[in-house]
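A structural walkthrough
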Amino acid sequence: MTAALRVVVPGLMTTLQDLGRPGYQRLGVPVSGALDQMSLRAANLLVGNGAGVGALEIAYQGPTLSVEADSVRIAIAGGHAPIDILQPSGNRGRLAPFQSGRLVRGEVLRMGVLGGSAVAYLAVEGGFDIDPVLGSQSTLTRAAIGGFKGRALQAGDVLPLKQAAAIERDERILAPFDLTPRKHVRIVLGPQDDHFTPAGLKTLLTHTYTVSRATDRMGMRLEGPPLEHSSKGYDIVSDGIALGSIQVPGNGLPIILLADRQTTGGYAKIATVVSADIPTLGRLAPGASIAFEAVGIEVAEAAARRLARDVATMASRVASVRRPLDIDWKRLMAENLVSGVVSARESEG
Amino acid sequence: MIVEFGDRVDWHLSALVLALARKLEAGKPAGVIEAVPTFRSLMVHYDPLAMSHADLQRAIAALLPGLEVASFAGRRWRIPACYDASLGLDLADVARRTGLSSAQVVERHSQTSQLVYMMGFLPGLPYLGGLPGEFALPRRENPRVKVPFGSVAVAMSMSVIYPQESPGGWHILARTPVPLWHMRKSPPALLAAGDQVTFEPLSLREYERMLTKAAASELCLTPEGPTQGHRA
């Protein structure tokens, strides 16, 4: 029997993502990849995968998945959500975020609404058995490239797993890292900051913006005071777009370009978000506030080095949980009691 | 980092951009992830951990002296396209806007050798420049939500070919049966920046015959040869 996870409920926007598909932008292929690569790395680390193995990116609302494998080791990192493990017998346990757990055939993982971040990553030990496209498993729904059939998950999808069963070993736990967004997202001005008036630049740096509902994996649209273009206008002869480029079309409202960004564009770009602050953007949900602070290239580079150090030391912060999480339902329930979470069914009994 | 050569759509600037892209590709400094040529600049994506901005600037500055337009050569393509009114949805409208007859629009569009300035917007989508001034039309006021795949469309004296169904605001003149994007091929895009394209008008019947072949993966277009010189 092949090993798989069956999608019972897909969640709002659940896609397979890894660290992206660089190298083909000259052919018009967006890079894609996880919005919050820190959390993707954490989830992979917890199940013992390499950092760039494809995992499910879960946005806002989690999926319900049933296990069609002898066993599978799963870890979820990023936004916190109640993660119920339902057994055919009706028993119920919980899997904590930032902790691996082993599920067996017939069990169902049900994840609720995310808090603390707009995204979370569900990694499975060994990864999904889905062919990479142009070197990546990342899903680009706009062009139906990569991932599971080039689209977000739907009910009834069967996601094949590379491993038929989980490896016998202790589970792992990682202290959740701080997902609180920075008060000020750091930006480097340019390349077309000369297409804005001094007042327009000042507006960007002094006002707080709100993440619009029209935000998606391609771009984060912001609502707030419009930025005034100079006489050079908002149209430019199209040029290349970087991750975090802030383009400002005619209506003056900034759009921060994210993972699924187009490779080139014809609107003036006032600034670029520093690479170290990109994961924080991925975590912002519609309605969140965002303000900006201009920094120099050297500050941006130092921030990138600091983030890389955090990533490099993540593995050293992983601890083993001596007893496995699965099967021992009594212990699971006890854990839940300790953390104050009790299933209604059990407390009634 | 963006290496800017100018702020116009101009074949000479484009050739310099492509020459630099080629030079950078030939001796790619560690830390450079990829370079994306556009109309007037080269976008260099780099890893700030492997290379500082200042170092990248120095590495690129060293490549600039002796950058020659002549050092660049692309491929020459003849792409079949059907300008029938059932496929060229805006042909009549473009004729009205330009004051030309539909036949004149087809003739001027298909006979002009157009240069692929850059690929962008969608995987495999080429931006072709070099059309005569009549085609300096703004984009449509109401962009279409769905432009059929293979549509050849014009605006701002340029053409694009939509490799797949997509939203789009350009004026559709024709449709090509030739697939511009093949995921399993290497490279997956038929065209590349620097190539030259002319269109070969097809009858509706020929178009449909070629479309059937394309659907069976039996339509394979090969370039006619290398690009020949440069238009002034």
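Residues numbered from 1 in each chain as written. Chains lettered and ligands numbered in written order. Predicted model: local features only at pLDDT ≥ 70, side-chain atom pairs only at ≥ 80, totals over all residues.

**Some words on the overall build of chain B**
Worth spelling out the cut-off: The helix and strand labels rest on DSSP assignments: H or I over at least four residues marks a helix, E over at least two residues marks a strand, and numbering proceeds from the N terminus. Within these notes, the globule rule equals 2.2 Å times the number of residues to the 0.38 power, and the radius of gyration is based on C-alpha atoms. Our exposure labels follow a C-beta count within 10 Å of each residue's own C-beta, placed from the backbone: buried means 20 or more other C-beta atoms, exposed means 12 or fewer, and partly exposed covers the counts in between. Placing a C-beta atom from the backbone of each residue, one calls two residues in contact when those atoms lie within 7 Å.
Secondary structure summary: chain B contains 5 helices and 13 strands in total. For 232 residues, the compact-globule formula gives about 17 Å, and the C-alpha radius of gyration of chain B, at 19 Å, lands near that figure. Principal-axis analysis of the C-alpha atoms places the extent of chain B at approximately 55 × 40 × 35 Å. A total of 232 residues make up chain B; the buried ones form 41% of that total. Considering only contacts within chain B whose residues lie at least 6 apart along the sequence, 64% involve residues at least 24 apart.

**Topic: the interface of chain B and chain A**
Quoted interface sizes are often the accessible area lost when the parts come together. Rules: Polar here means any residue other than Ala, Val, Leu, Ile, Met, Phe, Trp, Tyr, Cys and Pro, which are nonpolar, and Asp, Glu, Lys and Arg, which are charged; Gly is therefore polar.
Each partner contributes to the interface: chain B provides 32 residues, whereas chain A provides 27 residues. Within the residue set of the side of chain B that touches chain A, elements represented by two or more residues are strand 2 (32–37), strand 3 (41–46) and strand 5 (114–119) of chain B. Grouping the amino acids of the side of chain B that touches chain A by side-chain chemistry returns 20 nonpolar, 8 polar and 4 charged.

**What about helix 5 (residues 204–215) of chain B?**
Note the following rule: Expected span of a helix, by definition, is 1.5 Å for each gap between consecutive residues, and there is one gap fewer than residues.
End to end, helix 5 of chain B covers 16 Å across 12 residues, agreeing with the expected 16 Å (1.5 Å per residue, within 8%). Backbone geometry just after helix 5 of chain B places serine 217 of chain B at a positive phi near 60 degrees.

**A few points about the sheet that holds strand 8 (residues 100–104) of chain A**
Residues and elements named next belong to chain A. What counts here: Strands are labelled as partners when DSSP assigns at least two bridges between them. Note on geometry: axes are C-alpha line fits, over the in-contact stretch for helices, and angles between N-to-C directions span 0 to 180 degrees.
Overall, antiparallel pairing links the 5 strands, which are arranged 2-3-10-5-8 in an open sheet. Of all the strands in the sheet, the pair left with one neighbour each is strand 2 (13–17) and strand 8. On average, each strand axis in the sheet is tilted by 30 degrees relative to the strand beside it, whichever way the strands run. The pairing of strand 3 (residues 55–59) with strand 10 (residues 115–124) spans 4 bridges and is antiparallel. For glutamate 57, the partnering residue across the bridge sits in strand 10 and is tyrosine 121. Sheet strands touched by helix 1 (residues 37–46): strand 2, strand 3, strand 5 (71–80), strand 8 and strand 10. Its angle to strand 10, the strand with the most contacts, is close to 40 degrees.

**Some remarks on the domain arrangement of chain B**
Residues and elements named next belong to chain B. The condition that has to hold: In this document the domain limits rely on a domain assignment from an automatic tool or a database.
When its domains are assigned, chain B resolves into domain 1 (2–71) and domain 2 (75–226). Computed over C-alpha atoms, the centres of domain 1 and domain 2 are 28 Å apart. Domain 1 puts 7 residues into the contact, and the matching count from domain 2 is 6 residues. It is helix 1 (residues 11–26) that provides the largest number of residues to the side of domain 1 that touches domain 2, a total of 3 residues. Across the side of domain 1 that touches domain 2, the residue classes break down as 5 nonpolar, 2 polar and no charged.

**What about the pairing of strand 2 of chain B?**
Residue and element names in this part refer to chain B. Here strand 2 pairs with strand 3 via 5 bridges, running antiparallel. Following the sheet pairing, valine 36 is matched in strand 3 by methionine 43. Linkage of strand 2 to strand 3, two consecutive antiparallel strands, is achieved through a turn of 3 residues.

**Comments concerning the nonpolar core**
Worth spelling out the cut-off: We call a set of buried Ala, Val, Leu, Ile, Met, Phe, Trp, Tyr and Cys residues a nonpolar core when their C-beta atoms link them within 7 Å.
The biggest cluster of nonpolar side chains holds 85 residues, and the ones touching the most others in it are Ala43, Leu46, Ile76, Tyr121, Leu122 and Ala123 of chain A. Counting residues per element, this core draws most heavily on strand 10 of chain A, at 7 residues. Here this core spans two domains, since at least three of its residues come from each of domain 1 (4–170 + 322–348) and domain 2 (184–310) of chain A. Sequence-distant contacts of alanine 123 of chain A, defined by excluding residues within four places in its chain, comprise Ala43, Asn44, Leu46, Val47, Asn49, Val53, Ala55 and Ala75 of chain A. The next biggest cluster of nonpolar side chains, apart from the first, holds 70 residues, and it includes Leu20, Cys82, Tyr83 and Leu125 of chain B.

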